[in-house]
Structures are given as C-alpha cells and as structure tokens.
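Understanding the architecture of this molecule
What follows is the residue order along each chain.
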Amino acid sequence: MAQITLGNLEDTPTLLHQVIEENTRPMIQYCVRRFVNEEEAKDLVQNALLKLIEIVEEGNIPKKDVPAIAWMCKELWGRCIDFGRQGGRVIAGEEGFAGF
C-alpha cells in the first residue's frame, strides 16, 4: 500500500479512519518503548490524533506531501519530550529523532 500523505487526508477525509486504525497501537507502543507507561502513551497518542483530525478538518496542512505516519511520529516525539520534561523524568533518546 502506498503511504498516505497529509494531502491525501485533506482530499479524502475518510482515510483518517484508516490512518487512525492502522497506526494507533504502533504509536502507543513507540511511546511506551521510548518514554512513558501505557496509560500516558494512550493519552499522548489520542491527543496527537485529535490534532491530526483538527488540521485535516480545518484544511490547515502546512506540507501536503508529508506521510501521515511521519507526521504522527514527529508529533509524538515532541509530545513525549514535553511530557517527560514536565514530569521531571530523564528521557532516553532525547538528543534526536532516532528510529523514524
């Protein structure tokens, strides 16, 4: 299957469900492996997905050729870093966006 880009989501909003369904569990696992426990990861992923839905529905997509999964990984990376800083935890891998 070809990668779904943010532009594809804007043009075909019904693809949002597919992106969410295919990527929610792997994104939660990514957050858990890198930063937080499962409950915290679920909240971070849900908030990132809500942000994705918001930018697609508003047509506020800055780069239409970015793969949706890459956008999610970048968004989650930032959210996990911020979460860790707010909680005062030391975060492994904070120096770069490794793995994606």
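Residues numbered from 1 in each chain as written. Predicted model: local features only at pLDDT ≥ 70, side-chain atom pairs only at ≥ 80, totals over all residues. Heavy atoms only, no water.

Glancing now at the nonpolar core. By size, the foremost hydrophobic cluster in this structure holds 29 residues, and its most contacted members are Leu-9, Cys-31, Leu-52, Met-72 and Leu-76. Only helix H1 (6-11), helix H2 (15-34), helix H3 (38-58) and helix H4 (68-87) provide two or more residues apiece to this core. With sequence-adjacent residues up to four places away left out, Leu-52 is seen in contact with Leu-6, Leu-9, Leu-16, Val-19, Trp-71 and Met-72. (Core = buried A, V, L, I, M, F, W, Y, C linked by side-chain atoms within 4.5 Å. Buried < 20%, exposed > 50% of the residue type's maximum accessible area, 1.4 Å probe, protein only. Helix = DSSP H or I, 4+ residues; strand = E, 2+ residues; numbered from the N terminus. Contact = heavy atoms within 4.5 Å.)

Across the chain, the average pLDDT comes to 77, with 84% of residues at 70 or higher. Averaged pLDDT values over the elements of the chain bottom out at 81 in H2 and peak at 85 in H1. Low confidence marks residues 90-100, where pLDDT is under 50. Its contacts with residues over four positions away, or in another chain, come to 22 contacts. (pLDDT = per-residue confidence, 0-100.)

A separate point is the pattern of salt bridges. Throughout the structure, instances matching the rule amount to five salt bridges. One salt bridge in this structure joins Lys-64 and Glu-10, with 2.1 Å as the shortest N-O distance. On the criterion of sequence distance, the pair formed by Lys-64 in the loop between H3 and H4 and Glu-10 in helix H1 is long-range, its members being 54 residues apart. Residue classification places Glu-10 among the partly exposed positions, given a relative accessible area of 22%. Glu-38 is paired through a salt bridge with Arg-25; the nearest N and O atoms lie 2.7 Å apart. Taken together, the positions of Glu-38 in helix H3 and Arg-25 in helix H2 put the pair 13 residues apart, joining distant regions of the chain. (Salt bridge = Lys/Arg side-chain N within 4 Å of Asp/Glu carboxyl O.)

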